[in-house]
Amino acid sequence: FEDGKFGKAVLVEEGTTNLLLYSEDFTQSVWGKTRINVSSAGTYLGYSVTRFTPNIPEQSSVVDQTFLASGAANRTFTWSFWARGQTNRQFRVNFYGGVSGTFVSYIINLTTQWQKFTITHTFPSNATFATIQWGNAAPYWGIDYTDWIEVAGVQVEEKPYGTSYMKTTSSTATRSPETLTIPTAGVLNPQEGTIECWFFVS
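Residues numbered from 1 in each chain as written. Predicted model: local features only at pLDDT ≥ 70, side-chain atom pairs only at ≥ 80, totals over all residues. Heavy atoms only, no water.

### What to know about the sheet that holds strand β5 (residues 36–44)
- With antiparallel pairing, five strands are arranged side by side in an open sheet as β5-β6-β13-β8-β11. Each edge of the open sheet is held by one strand with a lone partner, namely β5 and β11 (115–122). Put simply, the sheet's adjacent strands are angled 35° from each other on average, direction ignored.
- Relative to strand β13 (residues 149–157), strand β8 (residues 76–85) runs antiparallel, the two being bridged by seven bridges. Bridge pairing in β13 places Ala83 opposite Val151. (Pairing = 2+ DSSP bridges. Helix = DSSP H or I, 4+ residues; strand = E, 2+ residues; numbered from the N terminus. Axes fitted to C-alpha atoms, helices over the stretch in contact; angles between N-to-C directions.)

### Quick word on the side chain of Glu150
- Here Glu150 is to be found in strand β13.
- Side-chain polar atoms of Glu150 contact the side chain of Arg51, separated by 2.6 Å.
- A polar side-chain atom of Glu150 sits 2.8 Å from a polar atom in the side chain of Arg84.
- Setting aside its immediate chain neighbours within four residues, Glu150 contacts Ala41, Val49, Thr50, Arg51, Trp82, Ala83, Arg84 and Trp114. (Polar contact = N/O pair within 3.5 Å; in protein donor to acceptor, adjacent residues only side chain to side chain. Contact = heavy atoms within 4.5 Å.)

### A word on the confidence of the model for the chain
- Chain-level pLDDT for the chain is 88 on average; 94% of the residues reach the 70-or-more range.
- Across residues 139–143 the pLDDT falls below 50, and counting only partners more than four positions away or on other chains, this stretch makes 16 contacts in the model. (pLDDT = per-residue confidence, 0-100.)

### Re the pattern of salt bridges
- By the definition in use, this model includes six salt bridges.
- Among the salt bridges present, the one from Arg75 reaches Glu158, with a minimum N-O distance of 2.8 Å. Placement of Arg75 in the loop between β7 (62–68) and β8 and of Glu158 in the loop between β13 and β14 (173–175) is noted, with a sequence separation of 83 residues between them.
- In this structure Glu158 comes out as partly exposed when scored by relative accessible area, which is 39%.
- The structure contains a network of salt bridges with shared partners spanning Arg51, Arg84 and Glu150. (Salt bridge = Lys/Arg side-chain N within 4 Å of Asp/Glu carboxyl O. Buried < 20%, exposed > 50% of the residue type's maximum accessible area, 1.4 Å probe, protein only.)

What follows is the structure, encoded as structure tokens:
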């Protein structure tokens, strides 16, 4: 059950895979870390929160993971996550396809309140692998900021939109397509009934 406009409702979703590894443990070596410290910062919505803090002011600070080792050309992925900043600020998230011309940045505006961000990207035809990065945003993508940001519920899936989060560890996490079955025994009369509908003939 999920919260919705009119209260709780049943969420039924299609199949998908979170392609990232260790989505809640950025201390693992699969996450590259350049001039940045990562630390646990509690939980949010039941997800483990990670804090990123640049450790060399005025230089680029990056956290990254290659989630697809080959075959990224012309494929579309959506990266979703929750994030907040120590201050209201910009932050840069990047997709990189392995060769020149495949590095694309998206600027997000953090506040001190948690927000969910969803970014969809299609890799060009010359992309060889697929990497995501978080980096400080300023005139260039890695300078000027020393305050922390926090992230939670990090997911990358091969879809043109995001779906609900699945935690991963040493392997990806897959959700099978879901179906909803409503038993009708004792509810519907199999011998008689009425069907109502609207139709329009042009």
